[in-house]
Amino acid sequence: MGDSPTWTAAPAAAERARSVLAAAWSCAVTADGGREEFVGAHTVGEDGRVILDVPEDSTLLAAAVCAPRGEPSAVLEFADVSPVPVRNRIRARLWMAGWFSVEGERLAFRPTRVVLRQTSGATVVDLDEFAAAAPDPLATAEAGLLTHLADCHGDAVERLTRLVEPDSLHGAVKVQPLAVDRHGLTLRIERARAHGDVRLSFHQPADTVAQLTERMHVLLTQASAASCPRALQRQRTDDDG
């Protein structure tokens, strides 16, 4: 099993749920007609309603049209997958139970229960808080930001490990950026048989990519002033030998 992640400043559950919903490209729908997977077919309203464009031959659409009240119950599932190849890439899952209604040629889903599962456990999200929350401003840009950091700035990722407690790096064989949001950056520390996550908080929230760049520069400056973790020093010596 992986280590328990260390979270400092982090999004609230409702904001995290809305971020998963905003960034997800696909969703699975389970209803009376069975289970269907939809890719690139949903949009999200400001209040958290999910609008789904489904093909005419969809069993889900048929169930909505034929339902006694025209509102079949369903469960929507969204997976939050790390864009960077790491062990256990699914960072969170979001389940939404509720009702579909037919709006023109589309289906509108109104949730009656929202559950967010992260590595720290499952949380039932308050519906009013979910409706009022906004996704993290970096949610839709996160994939590009993380892959660029991992592919082009591996030296910066290694430097950031100087901000991590040495005990957390013991036995580390690989460190990758796992997640980023307005509050901070999360690193995945992989060992031979386990892994753990470490949170590096920004000194101020970042609401734009430009602000994120400044926050990352601050972290890197702090890392440059810190000593190199002994765990990585041993690892580098073993690799060089």
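Residues numbered from 1 in each chain as written. Predicted model: local features only at pLDDT ≥ 70, side-chain atom pairs only at ≥ 80, totals over all residues. Heavy atoms only, no water.

### Some points on the overall build of the protein chain
Stage number 1. A count of helical and extended segments in the protein chain gives seven helices and eleven strands.
Stage number 2. Residue burial in the protein chain is summarised as follows: out of 241 residues, 43% are buried.
Stage number 3. For the protein chain, the accessible surface area stands at approximately 12500 Å², while carbon and sulfur atoms represent 51% of it. (Helix = DSSP H or I, 4+ residues; strand = E, 2+ residues; numbered from the N terminus. Buried < 20%, exposed > 50% of the residue type's maximum accessible area, 1.4 Å probe, protein only. Areas by Shrake-Rupley, 256 points an atom, 1.4 Å probe, with all protein chains shown as cover.)

### Digging into the pairing of strand β6 (residues 90-103)
Stage number 1. Where strand β5 (residues 73-81) lies against β6, nine bridges are found, and the strand directions are antiparallel. By the bridge assignment for β6, Asp-80 is matched with Ala-92.
Stage number 2. Sheet topology places β6 next to strand β7 (residues 106-118); twelve bridges connect them, and they run antiparallel. Its bridge partner being in β7, Ala-92 is matched across the sheet by Gln-118.
Stage number 3. Hairpin connection between β6 and β7: a loop of two residues separates the two successive antiparallel strands, and Gly-104 in this loop has a positive phi of roughly 65 degrees. (Pairing = 2+ DSSP bridges.)

### Quick word on the packing of aromatic side chains
Stage number 1. Scanning the model with the defined rule gives one aromatic pair in all.
Stage number 2. In this structure, Arg-18 is placed above the aromatic ring of Phe-130, and the distance from its NZ or CZ to the ring centre is 5.4 Å. (Phe/Tyr/Trp six-rings, centres within 6.5 Å; stacked < 30°, edge-to-face > 60°. Lys NZ or Arg CZ within 6 Å of the ring centre and 35° of its normal.)

### Focus on the pattern of salt bridges
Stage number 1. Under the definition given, this model contains 13 salt bridges.
Stage number 2. For the salt bridge of Arg-93 with Glu-77, the shortest nitrogen-to-oxygen distance reads 2.9 Å. Linking Arg-93 in strand β6 with Glu-77 in strand β5, this pair joins segments that are 16 residues apart in sequence.
Stage number 3. Given the relative accessible area of 16%, Glu-77 is considered buried.
Stage number 4. For the salt bridge of Arg-110 with Glu-103, the shortest nitrogen-to-oxygen distance reads 3.3 Å.
Stage number 5. The exposure class assigned to Arg-110 is partly exposed, which follows from its relative accessible area of 37%.
Stage number 6. Here the salt bridges do not stand alone but share partners, grouping Arg-16, Asp-80, Arg-91 and Glu-142 into one network. (Salt bridge = Lys/Arg side-chain N within 4 Å of Asp/Glu carboxyl O.)

### Concerning helix α1 (residues 13-23)
Because the α-helix completes a turn every 3.6 residues, residues three or four places apart line up on one side.
Stage number 1. Counting buried positions over the eleven residues of α1 gives eight, a clear majority of the element.
Stage number 2. Turning to α1, its buried residues number three or more, namely Ala-14, Glu-15, Arg-16, Ala-17, Arg-18, Ser-19, Val-20 and Leu-21.

### Things to note about the nonpolar core
Stage number 1. One finds Val-29, Leu-52, Leu-76, Phe-78, Leu-94, Met-96 and Phe-100 to be the most contacted residues of the largest nonpolar core, which totals 30 residues.
Stage number 2. Elements supplying a minimum of two residues to this core: α1, β1 (26-31), β4 (50-52), α2 (59-66), β5, β6 and β7.
Stage number 3. Not counting residues up to four positions away in its chain, the partners in contact with Leu-94 are Ala-17, Val-20, Leu-21, Leu-76, Glu-77, Phe-78, Val-114, Val-115 and Leu-116.
Stage number 4. Listed in part, the 26 residues of the second largest apolar core include Leu-138, Leu-187, Phe-202 and Leu-219. (Core = buried A, V, L, I, M, F, W, Y, C linked by side-chain atoms within 4.5 Å. Contact = heavy atoms within 4.5 Å.)

### Digging into helix α4 (residues 142-152)
Stage number 1. All of the buried residues along α4 are Glu-142, Leu-146, Leu-149 and Ala-150. Viewed along the axis of α4, the buried residues span an arc of 90 degrees, placing them on a single side of the element.
Stage number 2. Taken together, the buried residues of α4 touch β6, α5 (154-160), β9 (174-181), β10 (184-190) and α6 (209-225). (Arc of directions from axis to C-beta.)

### Structural notes on the confidence of the model for the protein chain
Stage number 1. Per-residue confidence for the protein chain gives a mean pLDDT of 86, with 88% of residues at or over 70.
Stage number 2. This model gives residues 1-8 a pLDDT under 50, and the stretch forms 16 contacts once residues within four places in sequence are excluded.
Stage number 3. Note on residues 233-241: pLDDT is under 50 here. Beyond four places in sequence and across chains, it has six contacts. (pLDDT = per-residue confidence, 0-100.)

### Observations concerning the environment of Arg-106
Stage number 1. In this fold, Arg-106 is placed in strand β7.
Stage number 2. When its relative accessible area of 36% is taken as the criterion, Arg-106 is described as partly exposed.
Stage number 3. Sequence separation of Arg-106 and Val-54 is 52 residues, and the distance between their C-alpha atoms is 6.7 Å.
Stage number 4. Not counting the four nearest positions on each side in its chain, Arg-106 is found in contact with Ile-51, Leu-52, Asp-53 and Ser-101.

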